[in-house]
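# Structural characterization, general
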Amino acid sequence: MREVITRFAPTPSGPLHVGHLLAAMQARRLADAHGGRCLLRIEDIDVTRARSKEWVDLMYEDLAWLGIRFDGEVMVQSSRFGAYEQVLVQLRTMGLLYPCFCTRTEIKAQIAEMGRAPHATLGYQYPGTCKHLSADEAQARIARGDAHAWRLDMQRVQDLVGCPLWADLRRGVQRCVPSDFGDVVLARKEMPASYHLAVVIDDAEQGVTHVTRGEDLFDATHIHRALQAVLGLPVPQYLHHGLLRDNTGKRLAKRDGARSIASLRAAGFSPQDVRHSLRHALARGGIWFI
Ligand code: GLU
């Protein structure tokens, strides 16, 4: 039987919080249950984000304090832009990417003009304005240095790979309909690889067999499945777990600084206290009290 490999893949956009602890525990537990490995990957591709390095250092400290163990080398996405670029070239060669010069404001205006938002499963869907630019015009705009993003043409993806299946360990077999999703951005100047692109390439590169992630990323998994199909990558199994909520039922967010591991440490809680609280929260359907 193939070795089970899971991963914890935090984005260093703030201090580690109890939601991260839940995600890390899910990955660690699933690996342990199968005698497998749990890897750590730092998803720091957003180089415009200030203080990222600081958050990564604090994250290592918090993880060590919590006593969560990871196996093997840590993968750091900001050192992998070369690998992402290679895949972008491949996708461009396959005719699946097109440059998009629209600003956010322009996209909003285009949607308003249409009188209704295009059907979108993931946020708003790009209305496809730049998809209809001629190759010459797009080239000319790139040559004159116009800022642009690279979008994945989901209709073409569907024409190529159809509607691939994937499995969620709780919710069963899922069917991805690529054209249900907007033409997602895979790269832009200040961020040469998007989350969707980097996560798919790296899960394959690290041989991840089981992806555990919050249910807020359920729709994103469809996009990842479409990319795997196009790139001929192996398909992990998925487990989307529930999210922690406060006692009003609101999802805990990064801005809830009091739930950061650092603040719990500073308030005198021990790692056992924090893990115990997490177990209790899960037993109460994910409601976090401290
Ligand atoms: N980096 C993402 C986050 O911190 C999670 C990535 C994933 O599980 O795919 O929300």
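Shown above is the structure to which this text applies.
Before going into details, it helps to say that this report is about the structure given with it.

So, how was this worked out
- Residues numbered from 1 in each chain as written.
- Predicted model: local features only at pLDDT ≥ 70, side-chain atom pairs only at ≥ 80, totals over all residues.
- Heavy atoms only, no water.
- Pairing = 2+ DSSP bridges.
- Helix = DSSP H or I, 4+ residues; strand = E, 2+ residues; numbered from the N terminus.
- Axes fitted to C-alpha atoms, helices over the stretch in contact; angles between N-to-C directions.
- Phe/Tyr/Trp six-rings, centres within 6.5 Å; stacked < 30°, edge-to-face > 60°.
- Buried < 20%, exposed > 50% of the residue type's maximum accessible area, 1.4 Å probe, protein only.
- Near = heavy atom within 4 Å.
- Polar contact = N/O pair within 3.5 Å; in protein donor to acceptor, adjacent residues only side chain to side chain.
- Nonpolar A, V, L, I, M, F, W, Y, C, P; charged D, E, K, R; others polar.
- Contact = heavy atoms within 4.5 Å.

Overall, antiparallel pairing links the 3 strands, which are arranged 4-5-8 in an open sheet. In this open sheet, the two strands that pair with only one neighbour each are strand 4 (97-100) and strand 8 (185-188). The average angle at which neighbouring strand axes cross in this sheet is 25°, direction not considered. Summarising the sheet, strand 4 and strand 5 (residues 149-152) pair through 4 bridges and their orientation is antiparallel.

Applying the stated criterion across every chain yields a total of 4 aromatic pairs. An angle of 80° between the planes, with centres 6.0 Å apart, marks the rings of F81 and Y84 as edge-to-face. Taken together, the positions of F81 and Y84, both in helix 3 (residues 81-93) and 3 residues apart, correspond to about one turn of that helix. Note on Y84: relative accessible area 0%, which makes it buried. Between W166 and F218, the aromatic rings sit 5.2 Å apart at their centres with planes inclined by 55°, giving tilted as the arrangement. Of this pair, W166 sits in strand 6 (residues 165-168) while F218 is found in helix 8 (residues 218-231), placing the two residues 52 residues apart along the sequence.

Below, the discussion takes up the site of the ligand. The environment of the ligand is made up of R7, A9, P10, T11, E43, Y195, V199, R213 and L217. Contacts to the ligand include A9, whose backbone N or O atom sits 2.7 Å from a nitrogen atom. Y195 places a side-chain nitrogen or oxygen 2.8 Å from an oxygen atom of the ligand. When its residues are assigned to classes, the shell around the ligand shows 5 nonpolar, 1 polar and 3 charged.

What follows is about the sheet that holds strand 1 (residues 5-8). The 3 strands lie next to each other as 1-2-3, forming an open sheet whose pairing is parallel. Edge strands, defined here as strands with exactly one partner in the open sheet, are strand 1 and strand 3 (75-76). As judged from the 2 bridges shared by strand 2 (residues 37-42) and strand 3, these two strands associate in the parallel manner. For I42, the partnering residue across the bridge sits in strand 3 and is V76. On the sheet, helix 1 (residues 18-33) packs against strand 1 and strand 2 and is oriented at approximately 170° with respect to strand 1. Most of the contacts of helix 2 (residues 52-66) go to strand 2, to which it runs at about 155°, and overall it touches strand 1 and strand 2.

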